[in-house]
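Letter by letter, the chains look like this.
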Amino acid sequence: EISVRDWSSDVCSSDLAFNGTRTILQLLRQSRSIPQGTSRDWPLKPERGLMVDNGRKFFTAAWLRDHVKELAYLKLNYFHLHLSDNLGFRIESTRHPEYVSAARLSKQEVTDLIALAARYHVTIVPEFDAPGHMDTILAKHTDLKLVSNTGAVNNGFIDLSKDAAYTLIKDIYDEYLPLFPGPYFHIGSDEYVSNYSAYPQLLTYARAHFGPNATAKDTYYGFINWANGIVRAGGKTTRMWNDGIKSGDGTVTPAANIIAEFWFNIGLTAQQLAGRGHLLANESWDPTYYVLGGAKPNVTWGYETWNPDLFQGNQTITDKSRNLGSLIHVWCDNPNAETETRIAAGIRDPLRMLAQQVWGSPKLVPTWSAFASVIGVVGRNPAWPSAAQPGNLAFGKPITVSSTETPSFPGRNAVDGDYATRWSSGYTNNEWITVDLGASTAIRRVKLTWETAYGRGYQIQTSADGSAWTTIFTTTTGDGGVDDLTTLTGTGRFVRMQGTQRATQWGFSLFELEVYAPTQRSDRKSVV
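Residues numbered from 1 in each chain as written. Predicted model: local features only at pLDDT ≥ 70, side-chain atom pairs only at ≥ 80, totals over all residues. Heavy atoms only, no water.

Visitor: Sorry, what's going on with the sheet that holds strand β18 (residues 432-443) here?
Guide: Strand pairing within a sheet occurs via backbone hydrogen bonds; the two strands may be parallel or antiparallel. Here we have five strands laid out as an open sheet, ordered β16-β18-β23-β20-β21, and antiparallel in their pairing. Of all the strands in the sheet, just β16 (399-401) and β21 (470-475) have a single pairing partner and so form its edges. Neighbouring strand axes in the sheet, compared pairwise and without regard to direction, differ in orientation by 25° on average. Note: β16 against β18, three bridges, orientation antiparallel. Bridging from a neighbouring strand, Thr 400 pairs with Thr 434 of β18. (Pairing = 2+ DSSP bridges. Helix = DSSP H or I, 4+ residues; strand = E, 2+ residues; numbered from the N terminus. Axes fitted to C-alpha atoms, helices over the stretch in contact; angles between N-to-C directions.)

Structure follows, in structure tokens:
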């Protein structure tokens, strides 16, 4: 029996109790019995989670549901859906179906996702980006594109000097504010105009609405406050990116009750924003940005050095309570660079780095390389869809590898039931990976799913003690892909793939190493 209590003034009691059940789940992942005792635990930051750029790349409802459960397992409670951008508008619309992408979420799928998230104590936050990043919308409303004084047309900027621009954006707010019952609504507002002198119509509009001393930038600031009024009338708090809020470029000031999400050190500093009265969220691109086909979170620095109160540009704020927390951000600038499966694998470890840092409990180990073993012990949430076949004796079992293992691709990836993650060795012919099955058993089948760096020559070996090895299969003509060795005869507690000849300039790399006893059939489907 274990009593788990979470203490925090920022989270309701039901969230505290739920977090306690996650602690128990993580303990049960390690053992069927739990030592008696009391755990007192609480989060450093009230907001902890994930953002996905569903605007540029469509993420299926199933992928999103899987990650609600994954977030909850890690005691992460915030899921930000960036639903519109230059490459897509990814949610069904009854008011404006003309600009909705073919690949999109239905409102029912979103409603179901929100209901699931509520059961797992995860808040869903929608973002509809404006007045920039509106290419998809403006492709169907070309008359609202912002045109410069040279006649250059900006396909992603809406012309805020036109009343119809506000009508169109208000339609978005009015349609989706009621759909999302959570406390927040994100208006984006990042990366709008950089050279306001090129758009004299914005200056004319500003002076007509904000006085003779107004600047062209005041049209942008005025939009923010106008949008904030609609969001607050809908019972929610507005969130926006920080980069557009600067000093000395306008007479209008964005309302202090808007949460500023600080992603880059452009404009006002984090401390200046807090001084203006804004609550902040630390969305610093380093170490939280996962860019498809591009930059990835520096998890070593993130775990060993960074903390959620260290903002981009090495900035801090005096009152840390004004920083709500942080997220891992999946940005899809190059949407076809990675599949959903690859992304899920790629953000697994960064999410765990973030979970440790924003929860803020004492670290079990000081280094990221040592933390990798903690990640392996805690594993995925129990509902995570696994590619592991029933009867796979190697699934989730302890792994040891040759001393030249590549740190970014640890051995545990080869037994995690995920064909998107991989183990990669060093660059010699004598590399190996060993799985400890826990008890001696007969071995009939070993399945190796190779990455591009496969083994031209390798052996399958068994051992009772991990020292004396018996070779039960050998080849020097491997051709990669999947080697499903179904007629093996061997016995042992330990099974090893011993490399003898690399097929490429790289080492040996396996997506999965699976082991089956003679009684296990090879044609059964996986069960989640």
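Visitor: I tried to follow empty space enclosed by the protein on my own but got confused; where do I start?
Guide: The rolling of a water-molecule-sized probe over the atoms marks out the regions of remaining empty space. Tallying each qualifying case throughout the model produces one cavity of 30 Å³ or more. If you add up the space inside the largest cavity, you get close to 60 Å³. What lines the largest cavity is a set of eleven residues, and nearest its centre among them are Phe 18, Asn 19, Arg 48, Asn 77 and His 121. Of all the elements, helix α1 (residues 13-30) adds the most residues to the lining of the largest cavity, at three residues. (1 Å grid on protein atoms, 1.4 Å probe; cavity = no way out; pocket = protein on both sides within 12 Å on 5 of 7 lines; lining within 4 Å. Points joined across faces, edges and corners; volume = space filled by probe spheres on them.)

Visitor: Quick question: what am I supposed to make of the environment of Gln 459 here?
Guide: Among the structural elements, Gln 459 can be located in strand β20 (residues 455-463). For Gln 459, a relative accessible area of 22% translates into the label partly exposed. Separated by 13 residues in the primary sequence, Gln 459 and Ile 472 have C-alpha atoms spaced 7.5 Å apart. Ignoring any residue separated from it by four or fewer positions in sequence, one finds Gln 459 in contact with Thr 471, Phe 473, Thr 474, Arg 496, Met 497, Gln 498 and Thr 500. At 2.9 Å, the side chain of Gln 459 and the side chain of Gln 461 are in polar contact. (Buried < 20%, exposed > 50% of the residue type's maximum accessible area, 1.4 Å probe, protein only. Contact = heavy atoms within 4.5 Å. Polar contact = N/O pair within 3.5 Å; in protein donor to acceptor, adjacent residues only side chain to side chain.)

Visitor: Which parts of the structure should I look at to understand the sheet that holds strand β15 (residues 325-331)?
Guide: Read across the sheet, nine strands follow the order β13-β12-β11-β10-β7-β4-β3-β15-β14 without closing on themselves; strand pairing throughout is parallel. If you trace the sheet from one side to the other, it starts and ends with β13 (280-282) and β14 (289-291), each paired once. Going from strand to strand, the sheet's axes swing by 20° on average, the running direction of each strand aside. Where β14 lies against β15, three bridges are found, and the strand directions are parallel.

Visitor: Whenever I open this one, the nonpolar core confuses me. Can you help?
Guide: It is characteristic of soluble globular proteins that their nonpolar side chains tend to be buried jointly. Core analysis: the largest hydrophobic core is formed by 102 residues, its most contacted members being Phe 79, Tyr 173, Phe 180 and Val 330. For this core, the element with the highest residue contribution is helix α11 (residues 340-359), accounting for eight residues. Apart from residues lying up to four places away in sequence, Phe 79 is in contact with Leu 50, Val 52, Leu 64, His 67, Val 68, Leu 71, Val 122, Thr 123, Ile 124 and Val 125. Core analysis: the next-biggest nonpolar cluster, separate from the first, contains 24 residues, Ala 394, Tyr 458, Ile 472 and Leu 510 among them. (Core = buried A, V, L, I, M, F, W, Y, C linked by side-chain atoms within 4.5 Å.)

Visitor: Even after reading the chapter, I still don't get the confidence of the model for the protein, so can you show me in this structure?
Guide: Low-pLDDT portions of the prediction should not be read for the details of their coordinates. Of the residues in the protein, 95% have a pLDDT of 70 or more, and the chain-wide mean is 92. Taken together, the stretch residues 1-10 has pLDDT below 50 and engages in 32 contacts with residues farther than four places along the chain or on a different chain. Note that residues 520-528 has pLDDT below 50 and, in this model, 16 contacts with residues that lie over four places away or in other chains. (pLDDT = per-residue confidence, 0-100.)

Visitor: In this structure, what is going on with unusual backbone geometry? I would like to understand it.
Guide: With glycine set apart, most residues show a phi of negative sign, and most peptide bonds adopt trans. Of note, the bond from Ala 130 into Pro 131 is cis; its omega dihedral lies within 30 degrees of zero at 5°. Position of Pro 131 among the secondary structure elements: in the loop between β7 (123-130) and α4 (135-138). The omega torsion across Asp 286 and Pro 287 is 20°, close enough to zero to call that bond cis. Along the chain, Pro 287 falls in helix α9 (residues 285-288). Backbone geometry at Lys 75 places phi at a positive 60°, although glycine is not the residue there. Tracing the backbone shows Lys 75 in the loop between α2 (61-73) and β4 (78-82).

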